Every structure is written in structure tokens, then in C-alpha cells.
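Read off the chains here:
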Amino acid sequence: MARAQFQKGQKVWVESVGAWAQIEKVLPVWAKGFDEPVRITYEVGLGREFQAAELQLPAEDNVALTALGDWRVLRARNKWQEPADCAHHPFPGSYPVVVTDKADWGGWRVPGAEYDRDPERIEFQSRLIAASPDLMNLARELVETVSEAPDDAPPESLRLARRARDVLRQITDVLAAPDDAPRATTSAADEAV
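Section: the overall build of the protein
Here's step 1: Within the protein, the secondary structure is distributed over 5 helices and 9 strands.
Here's step 2: When its helices and strands are written in sequence order, the protein yields β-β-β-β-β-β-α-β-β-β-α-α-α-α.
Here's step 3: The buried share among the 193 residues of the protein stands at 33%.
Here's step 4: Here the protein displays about 12300 Å² of accessible surface, and carbon together with sulfur accounts for 53% of that area.

Now the structure itself:
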């Protein structure tokens, strides 16, 4: 018996053609006396039907998924202004630095003049950036939870999971030059939502 490995609308890599395509139709082949199809082919709009073995799911970007590490906000000393000159800052004499490496370097910094112009906005941005890996994991968990049983999920949960999936795609989809090896980042769980 055959089971569908892909579903309509899912993005797949067609190895024999060397191109990305979307599943347009799932075509089961039935035989008399069997409760399930004996074979399943897929129409992807490339002129013929393809077997599941000729199609591949996009791979996840492991750097984006596993190597985020511990992002945190540190305070750096403001070399350009004395604490008395910047008493209006939330933390006079310092500015936020988001570090994304265990060695407390690498990440996000802001020029002193920009910080001085709107320190509350920059403080908020630093906290948001530091929380981004946790927010990304939360969005991924929402998508996975809803994709396990999309028919049983409330409509609002489905809507939120679709938005979360779209945001995750903006973060994790890796665009490659046409000459490079193809690489994408959506998973089968993402496609179910």
C-alpha cells in the first residue's frame, strides 16, 4: 500500500529536473480489492507525473535553528559622554549592546549619536533583539502544535499559526544564487498549517 508523502501546495525539489516546484495534485492509483491506493504520483506542473522518490523536501537551516545560543543585553560604557551630560538616558553613562556569542562579543551595537537621540527606543530594540531566539522558538512550537491536528485547532489558532509560519519563513528561508546548490528551510510540519 502507498501513503502520500507530500500534500497539495507543498514546495518540493524535483531532482531530475533540478528545480523547485509545488505539488499541484496528489494522484492516487487504486486497485480493486484494496482499501488504500497501490501507488501515488504527484503533478507539479512540469509536464509529467513524478514518483515520491524523485521529490525532496526543503532542508532546514541548521544554523538558524540550533546555533542561536544565548543572546543577552550587556551595558557598554559611553566613551563619548560623561554620565552628567546624559542624565536623561535610562542608564546614564552606558548604552545597550546585544551579544550573540559566548565570548561577549559579536552581535548588535548602536552609534552613540543614535542612542542619544532616542534612548528609550534603542533600549526597547536591544531587549527585543535579545528575546528574538525565544520568540522564534515560541512561533515554531505554535506551528508544530497546530500542524499535528490542524482540523481540530480553533480558527484563531490556525490563523496565528499561519502568521507564525510566514514570519519564520522570512527568518529562515535562505536564498541562493541560481548556480548554487538549492537550499530552503521549510519543514513538513510548517506546510501542514
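Structure shown, so let's carry the discussion forward.
Concerning the packing of aromatic side chains
Here's step 1: One pass over the full model with this rule turns up 2 aromatic pairs.
Here's step 2: Aromatic pair Phe6 and Tyr42: ring centres 5.3 Å apart, planes at 80°, arrangement edge-to-face. On the criterion of sequence distance, the pair formed by Phe6 in the segment before strand S1 (11-14) and Tyr42 in strand S4 (residues 39-43) is long-range, its members being 36 residues apart. The pair formed by Phe6 and Tyr42 is uniform in burial state, with each residue classed as buried.

Describing the pattern of salt bridges
Here's step 1: If you walk through the whole model with that rule in mind, you get 6 salt bridges.
Here's step 2: Note that Arg121 and Glu114 form a salt bridge whose closest N and O atoms lie 3.7 Å from each other.
Here's step 3: The partly exposed category is assigned to Arg121, whose relative accessible area is 34%.
Here's step 4: A relative accessible area of 26% means that Glu114 is categorised as partly exposed.
Here's step 5: Sharing partners across several salt bridges, the network here consists of Glu114, Asp118 and Arg121.

Brief notes about helix H4 (residues 155-172)
Within an α-helix, residues lying three or four positions from one another point in the same direction, as the helix has 3.6 residues per turn.
Here's step 1: Given a rise of 1.5 Å per residue, 18 residues ought to cover 26 Å, and the 25 Å separating the end C-alpha atoms of H4 matches this to within 8%.
Here's step 2: Looking only at H4, the buried set comprises Leu158, Ala161, Ala164, Arg165, Leu168 and Thr172. Around the axis of H4, the buried residues are gathered within 125° of arc, so they sit on the same side. For H4, the exposed residues lying more than 90 degrees away from the buried face are Pro155, Arg163 and Gln170.

Comments concerning the sheet that holds strand S5 (residues 49-51)
Here's step 1: Taken together, 3 strands build an open sheet; the order of strands is S3-S4-S5 and the sheet is antiparallel. Edge positions in the sheet fall to strand S3 (25-29) and S5, since each of these pairs with one other strand and no more. Mean inter-strand twist for the sheet, computed between neighbouring axes without regard to direction, equals 35°.
Here's step 2: Inspection of the sheet shows S4 paired to S5 by 3 bridges, in the antiparallel sense. Within S5, the residue paired with Tyr42 across the bridge is Phe50.

Things to note about the nonpolar core
Here's step 1: The biggest cluster of nonpolar side chains holds 11 residues, and these are Phe6, Val12, Val14, Ala21, Ile23, Ile40, Tyr42, Val44, Phe50, Ala52 and Leu55.
Here's step 2: Among the elements of the structure, S1 and S4 are those that each provide at least two residues to this core.
Here's step 3: Excluding residues that lie within four positions of it along the chain, Val44 makes contacts with Val12, Val14, Ala21, Gln22, Ile23, Glu24 and Phe50.
Here's step 4: Listed in part, the 7 residues of the second largest apolar core include Tyr95, Val97, Val99 and Ile122.

Observations concerning the pairing of strand S8 (residues 94-99)
A regular strand places its side chains on the two faces of the sheet in alternate fashion.
Here's step 1: Of all 6 residues in S8, 6 are buried; the element is thus mostly enclosed.
Here's step 2: Residues Ser94, Pro96 and Val98 line one face of S8 and the alternating positions Tyr95, Val97 and Val99 line the opposite face, and both faces are buried.
Here's step 3: Bridge count for strand S7 (residues 72-77) against S8 is 6 bridges, and the pairing is antiparallel. Residue pairing across strands places Arg75 opposite Pro96, the latter belonging to S8.
Here's step 4: Here 2 bridges tie S8 to strand S9 (residues 107-108), and the two strands are oriented antiparallel to one another. Considered in S9, the bridge of Val99 is made with Gly107.

Points about the side chain of His89
Here's step 1: Checked against the element boundaries, His89 lands in the loop between S7 and S8.
Here's step 2: Overall, the relative accessible area of 4% leaves His89 in the buried class.
Here's step 3: Polar contacts involving the side chain of His89 include one to the side chain of His88, which spans 3.4 Å.
Here's step 4: Sequence-distant contacts of His89, defined by excluding residues within four places in its chain, comprise Asn78, Gln81, Tyr115, Asp116 and Pro119.

Conventions we followed
- Residues numbered from 1 in each chain as written.
- Predicted model: local features only at pLDDT ≥ 70, side-chain atom pairs only at ≥ 80, totals over all residues.
- Heavy atoms only, no water.
- Helix = DSSP H or I, 4+ residues; strand = E, 2+ residues; numbered from the N terminus.
- Buried < 20%, exposed > 50% of the residue type's maximum accessible area, 1.4 Å probe, protein only.
- Areas by Shrake-Rupley, 256 points an atom, 1.4 Å probe, with all protein chains shown as cover.
- Phe/Tyr/Trp six-rings, centres within 6.5 Å; stacked < 30°, edge-to-face > 60°.
- Salt bridge = Lys/Arg side-chain N within 4 Å of Asp/Glu carboxyl O.
- Expected span 1.5 Å × (residues − 1).
- Arc of directions from axis to C-beta.
- Pairing = 2+ DSSP bridges.
- Axes fitted to C-alpha atoms, helices over the stretch in contact; angles between N-to-C directions.
- Core = buried A, V, L, I, M, F, W, Y, C linked by side-chain atoms within 4.5 Å.
- Contact = heavy atoms within 4.5 Å.
- Polar contact = N/O pair within 3.5 Å; in protein donor to acceptor, adjacent residues only side chain to side chain.

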